[in-house]
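So you can see what is in the structure, the chains are spelled out below.
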Amino acid sequence: MPIKKYKTYTLQNFDQLPQIIGLSEEFIEPIRTVGQVLPFRANNYVVEELIDWSNIPEDPIFTLTFPRKEMLSKTHYNKVRELLQGNVEREVVKKTVNDIRMKLNPNPAGQEHNVPTFRGKKLNGMQHKYRETVLFFPSQGQTCHAYCTFCFRWTQFSGMNDFKFAMKEADLLHDYLRHHKQVTDILFTGGDPLTARSKILSTYIEPLLTKEFSHIRNIRIGSKTLAYWPYRFLNDKDADELLRLFEKITKAGKHLAFQAHFSHPVELSTDAVKKAIERIRNTGAQIRTQSPVLKHINADPKIWSAMWKEQVRLGLIPYYMFVARDTGAKAFFEIPIEKAWNIFRKAYASVSGICRTVRGPSMSAFPGKIEILGITEVKGEKVFVLRFLQCRNRQLVDIPFFATYDPKASWYDQLKPAFGEKEFFFQKDNLLGKDMDDGDFLWE
Ligand SMILES: *Cc1c(COP(=O)(O)O)cnc(C)c1O
Ligand code: SF4
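Definitions and cut-offs
- Residues numbered from 1 in each chain as written.
- Chains lettered and ligands numbered in written order.
- Predicted model: local features only at pLDDT ≥ 70, side-chain atom pairs only at ≥ 80, totals over all residues.
- Heavy atoms only, no water.
- Helix = DSSP H or I, 4+ residues; strand = E, 2+ residues; numbered from the N terminus.
- Rg over C-alpha atoms; globule rule 2.2 N^0.38 Å.
- Buried < 20%, exposed > 50% of the residue type's maximum accessible area, 1.4 Å probe, protein only.
- Contact = heavy atoms within 4.5 Å.
- Areas by Shrake-Rupley, 256 points an atom, 1.4 Å probe, with all protein chains shown as cover.
- Lys, Arg positive; Asp, Glu negative; His and termini not counted.
- Charge placed at Lys NZ, Arg CZ, Asp CG, Glu CD.
- Near = heavy atom within 4 Å.
- Polar contact = N/O pair within 3.5 Å; in protein donor to acceptor, adjacent residues only side chain to side chain.
- Nonpolar A, V, L, I, M, F, W, Y, C, P; charged D, E, K, R; others polar.
- Expected span 1.5 Å × (residues − 1).
- Core = buried A, V, L, I, M, F, W, Y, C linked by side-chain atoms within 4.5 Å.
- Domains from an automatic or database assignment.
- Axes fitted to C-alpha atoms, helices over the stretch in contact; angles between N-to-C directions.
- Parallel < 35°, antiparallel > 145°, perpendicular 65-115°, else oblique.
- Left-handed = near helix turned anticlockwise from the far one by under 90°.
- Salt bridge = Lys/Arg side-chain N within 4 Å of Asp/Glu carboxyl O.
- Buried area = accessible area lost by both parts, 1.4 Å probe.

Summing up its helical and strand segments, the chain has 14 helices and 15 strands in all. The C-alpha atoms of the chain give 22 Å as radius of gyration, which agrees with the globular expectation for 444 residues (22 Å, within 12%). Relative to its 444 residues, the chain shows a buried fraction of 56%. Expressed as a percentage of contacts within the chain between residues at least 6 apart in sequence, the contacts between residues at least 24 apart total 73%. Element-wise, carbon and sulfur atoms account for 51% of the exposed surface of the chain, whose accessible area totals about 20,000 Å². Averaging the locations of the 64 positively and 51 negatively charged side chains of the chain gives two centres separated by 2 Å.

If you want it as structure tokens, here you go:
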């Protein structure tokens, strides 16, 4: 079995990497400069097994994990560089960096609206937006094994790993779920929840396997660990303990849905990831995959088609293609909605039905997950055809709606209702404001 001991690289020590030592300032300065603003963290697996160092800075995994000059505007870049070169105090740099960060839309899609209140208390480690699914952010998983340069969770990274705190948080989570029987899915997310120790994850998960929580059918773990640190499932100290926890979940009759984040086929190519996938699947877990479509990383139908085919061969289920959120280095990664749809369509058309479990491209916006179904013409007007894959008001899911075609639009908030309408159908009559517990469907 492949073995590796975790080594992490940050702004403090990346210049000691043998791969970096030979490089000119032209490569190093952007990492140091942009890295002040966007999160930077890499590890020895990403550096040694995923990045092709003969192809930097264009290499997709280098771009995914190492800051590049073009990720900041020229003005912001020069401002930070000048501060770093001048002899200014750390505090001054910090303040400028914070000002820049605030301009990069650090909290997109109004996520604060999804935080539930229970017994008069705001539950900050949770989001409950769609009726069936609660998102839970264990505070011990608010970091990742490496950081994506496009990440929209960059303001919440903390990386504390405290067991006592976990016990308290677990109590709140369980109490909430005990009193919300309509919830069938709990989705552990982050950061990356698998940066937390197995013992901490057990504290959250094991109580959910008892009869009291029989309404919780699906335990979901959203994680980038297979792509960034597959040794988490191979030789990390508590790797076997983690796999035993997975086994306990499936043996208790729950579905364990591992939602793996893969952005490029190279992440599926190493012996370590293949072995890790095998070990996870042997616990009875199912692995579904998702990623945003990003310029400089995977904006090509051939890449997606190769990725989906390889995933299916390895026993994974393609699940979502996302449009990158409007945050951080969005300008560097963004592609028009039209292009995202064409990439999806061409890739989707080139794989067999078995790969077509995937949906997208999808935008996670304030009203819900909006899928671009296509571009067409209705009565002489060119339009985008859209639908909700998820919606705050679940009665609106799957109903097609139309937006005026706009070749430049790259996010939901740039879209306008088609046919001269003033509002989209869901904006009428406060339809989104309707409580998600508002009665049941007639057919339920
Ligand atoms: C995507 C998402 C979910 C999960 O949606 P599924 O379609 O069930 O995978 C749940 N909550 C929020 C806030 C989400 O963005
Ligand atoms: S793995 Fe997810 S949460 Fe972590 S840095 Fe990448 S996008 Fe952000």
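This is not the end of the story, as more comes after the structure.
Turning to the site of ligand 1, a few remarks are in order. Every residue lining ligand 1 is accounted for by Lys129, Tyr130, Thr133, Leu135, Arg220, Tyr319, Tyr320, Lys369 and Gln390. Tyrosine 320 is positioned with one of its side-chain polar atoms (N or O) 2.5 Å from an oxygen atom of ligand 1. Between ligand 1 and the protein, one listed contact pairs an oxygen atom with a side-chain N or O atom of glutamine 390 at 2.8 Å. When ligand 1 sits alone it has 390 Å² of accessible area, and the protein chains cover 87% of it. Where the shell around ligand 1 is concerned, the elements lending two or more residues are β5 (126–130), β6 (133–136) and β11 (317–323). Looking at the shell around ligand 1, its residues break down into 4 nonpolar, 2 polar and 3 charged.

A separate point is the environment of glycine 35. Note on placement: glycine 35 falls in the loop between α2 (25–34) and β2 (42–43). Considered as a pair, glycine 35 and threonine 10 are 25 residues apart in the sequence and their alpha carbons are 8.9 Å apart.

The next thing to look at is helix α12 (residues 301–313). Taking 1.5 Å per residue, 13 residues should reach 18 Å; α12 reaches 18 Å between its end C-alpha atoms and fits that length. Ile303, Trp304, Ser305, Met307, Trp308, Glu310 and Gln311 are the residues of α12 that are buried. Contacts from the buried residues of α12 go to α11 (271–281), β10 (286–293), β11 and α14 (337–349). Two or three places before lysine 302, at the start of α12, stands the capping residue aspartate 300, its side-chain oxygen 2.8 Å from that residue's backbone nitrogen. Looking one or two residues past α12, glycine 315 carries a phi angle of roughly 90°, positive in sign.

Turning our eyes to something else, we now look at the nonpolar core. Generally speaking, a soluble globular protein has its nonpolar side chains buried in company with each other. Phe66, Leu177, Ile186 and Leu226 are the most contacted members of the largest nonpolar core, which totals 104 residues. Two domains each provide a minimum of three residues to this core, namely domain 1 (8–102) and domain 2 (111–359). Sequence-distant contacts of isoleucine 186, defined by excluding residues within four places in its chain, comprise Val134, Phe136, Leu173, Leu177, Leu208, Ile216, Asn218, Ile219 and Arg220. Residues Val323, Ile337, Phe384 and Ala409 belong to the second largest nonpolar core, which totals 23 residues.

With that out of the way, let us pick up the packing of α12 against α14. Where α12 meets α14, the closest approach of the two axes is 8 Å, and the angle between their N-to-C directions is 45°. Compared by their axis directions, α12 and α14 come out oblique. Where α12 crosses over α14, the handedness of that crossing is right-handed. For the pair formed by α12 and α14, the contact residues are Pro301, Trp304, Ser305 and Trp308 on the first element and Ile343, Phe344, Lys346, Ala347 and Tyr348 on the second. Here the contact of α12 with α14 is built from residues that sort into 7 nonpolar, 1 polar and 1 charged.

Enumeration over the complete set of coordinates arrives at 21 salt bridges. The closest approach of N and O atoms between aspartate 175 and arginine 119, which form a salt bridge, is 3.0 Å. With aspartate 175 in helix α7 (residues 163–178) and arginine 119 in the loop between β3 (117–118) and β4 (121–122), the pair connects residues that are 56 residues apart, well separated along the chain. The class of arginine 119 is exposed, set by a relative accessible area of 59%. Between aspartate 238 and arginine 232 there is a salt bridge, and its shortest N-O distance comes to 3.0 Å. Each of Arg119, Asp175, Arg178 and Glu212 takes part in one network of salt bridges that share partners.

The next thing to look at is unusual backbone geometry. Here the residue pair glycine 190 and glycine 191 is connected by a cis peptide bond, since its omega of 20° sits within 30 degrees of zero. Position of glycine 191 relative to the elements: it lies in the loop between β7 (185–188) and α8 (198–205). Glycine 360 connects to proline 361 through a cis peptide bond whose omega is -10°. Considering the arrangement of structural elements, one finds proline 361 in strand β12 (residues 359–364). Phi is positive for phenylalanine 419, which is not a glycine, with a value near 60°. Its location among the elements puts phenylalanine 419 in the segment after β15 (401–404). The partly exposed category is assigned to phenylalanine 419, whose relative accessible area is 39%.

On domain assignment, one finds that the chain holds domain 1 (8–102), domain 2 (111–359) and domain 3 (365–444). If you average the C-alpha positions of domain 1 and of domain 2, the two centres end up 26 Å apart. Counting the surface lost from both domain 1 and domain 2, the interface buries some 2,200 Å², and carbon and sulfur atoms represent 68% of this. If you sort the residues of domain 1 by the area they bury against domain 2, Arg41, Tyr45 and Leu64 come out on top, with a joint share of 32%. Across the contact surface, domain 1 and domain 2 share 0 salt bridges. On inspection of domain 1 and its partner domain 2, the count reaches 9 residue pairs in polar contact (both at pLDDT 80 or more). Across the side of domain 1 that touches domain 2, the residue classes tally to 14 nonpolar, 4 polar and 6 charged.

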